[in-house]
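Structural characterization, general
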Amino acid sequence: HSSTPNASTATSNPRDATRLHTQLDTLAHPFQSPPVVAANAVIDAHRGEDKAAIEHALAERHLPSPVEIGKMVARGTYSFGRLCRKRYKLTTAIARLQRQQGTSPEEEAPSSPS
């Protein structure tokens, strides 16, 4: 049994809410990494162009190719689902703590990186 609060063990202690916010802020996945986000932006900007032009634009910027992104998606879909469930549990626990403390979720909600 760990003393670190999580979505199921958090109390109304404000420090527990801070820890939950910290856990939420640290959740990340390779789909959200700067190179993948930048590669998707390049692909979107070059919609309608041929495959070679898109791959060239990505290579110029040292970004993952569409094939590499596809492999990431194939390997990472399960873990991304787990990450989403964990994020949901944390946001639910934070909202519950804020209701217990009489604080609206909008007042204390940290900015989300997504």
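Every chain is numbered on its own, with residues counted from 1 as its sequence reads. For a predicted model such as this one, the threshold for reporting local features is a pLDDT of at least 70, and the threshold for listing and counting side-chain atom pairs is 80 or more; totals across whole chains, interfaces and linings nevertheless cover every residue. Computation of side-chain values: all heavy atoms of the structure, hydrogens and water removed.

1. Some points on the overall build of the protein
Helix and strand definitions follow DSSP, with helices as H or I runs of at least four residues and strands as E runs of at least two, each counted in order from the N terminus. A count of helices and strands for the protein gives five helices and zero strands. Think of it in three bands: residues with accessible area under 20% of the maximum for their type are buried, residues over 50% are exposed, and the middle band is partly exposed, with areas taken using a 1.4 Å probe on protein chains only. For the protein, the proportion of its 114 residues judged to be buried stands at 28%. Counting contacts in the protein only where the partners sit at least 6 residues apart, residues at least 24 apart contribute 65% of the total. The Shrake-Rupley method, run with a 1.4 Å probe, gives the accessible areas here. Residue values count only the displayed protein chains as cover. As displayed, the protein has an accessible area near 7700 Å², and 56% of this comes from carbon and sulfur atoms. Contacts are assigned to residue pairs that have any heavy atoms within 4.5 Å of one another.

2. Focus: the pattern of salt bridges
Any Lys or Arg side-chain nitrogen located within 4 Å of an Asp or Glu carboxyl oxygen qualifies as a salt bridge. Tallied over the entire structure, the rule returns one salt bridge. A salt bridge links Arg47 to Asp44; the shortest N-O distance between them is 2.7 Å. We classify Asp44 as partly exposed; its relative accessible area is 46%.

3. Structural notes on the environment of Arg19
Looking at the secondary structure, you find Arg19 in helix α1 (residues 14-26). Classification of Arg19 by relative accessible area gives partly exposed; the value is 38%. Residues Arg19 and Ile94, spaced 75 residues apart in sequence, show a C-alpha to C-alpha distance of 9.7 Å.

4. Things to note about the confidence of the model for the protein
Segments scoring low in pLDDT should not have their predicted coordinates read at a detailed level. With 69% of its residues at a pLDDT of 70 or more, the protein shows a mean pLDDT of 75. Confidence, expressed as mean pLDDT per element, reaches its minimum in the protein at helix α5 (residues 105-108) with 53 and its maximum at helix α3 (residues 51-60) with 92. Low pLDDT, under 50, characterises residues 1-6; the predicted model gives this stretch nine contacts beyond four residues in sequence or across chains. Along the chain, pLDDT gives the predictor's confidence residue by residue, from 0 to 100.

5. Re the nonpolar core
Side chains of a nonpolar character, in soluble globular proteins, are inclined to be buried together. Put simply, buried Ala, Val, Leu, Ile, Met, Phe, Trp, Tyr and Cys residues joined by side-chain atoms within 4.5 Å make one nonpolar core. One finds Ala39, Val42, Ile43, Ile54, Ala57, Leu58, Leu63 and Ile69 forming the largest nonpolar core, which totals eight residues. Of all the secondary-structure elements, those providing two or more residues to this core are α2 (34-45) and α3. In this structure Ile54 touches Ile43, His46, Glu49 and Pro66, once residues within four positions along its chain are discounted. The next biggest cluster of nonpolar side chains, apart from the first, holds six residues, and it includes Ala17, Ala93, Ile94 and Leu97.

6. Topic: the packing of α2 against α3
Between α2 and α3, the least distance of the axes is 10 Å, while the angle of their chain directions is 145 degrees. The handedness of the crossing between α2 and α3 comes out as right-handed. On α3, the residues touching Ala39, Val42 and Ile43 of α2 are Ile54, Ala57 and Leu58. Side-chain classes are defined by residue name, with Ala, Val, Leu, Ile, Met, Phe, Trp, Tyr, Cys and Pro counting as nonpolar, Asp, Glu, Lys and Arg as charged, and the others, Gly among them, as polar. For the contact of α2 with α3, a count of residues per class yields six nonpolar, no polar and no charged. Angles shown run from 0 to 180 degrees and are taken between the N-to-C directions of axes, each axis being a line fitted to C-alpha atoms and, for helices, limited to the stretch in contact. Handedness of a crossing is defined here by the sense of rotation of the near helix relative to the far one, left-handed for an anticlockwise turn of less than a right angle and right-handed for a clockwise turn.

7. Digging into the packing of α2 against helix α4 (residues 66-101)
The description of two helices packed together rests on the angle between their axes and the distance between the axes. Contact geometry for α2 and α4: axes closest at 11 Å, N-to-C directions at 125 degrees. Between α2 and α4, the angle is such that the two are oblique. The two elements α2 and α4 meet at a crossing, and its hand is left-handed. Seen from α2, the contacting residues are Val36, Ala39, Asn40 and Ile43; seen from α4, they are Pro66, Ile69 and Met72. An angle below 35 degrees is read as roughly parallel, one above 145 as roughly antiparallel, one from 65 to 115 as roughly perpendicular, and any other as oblique.

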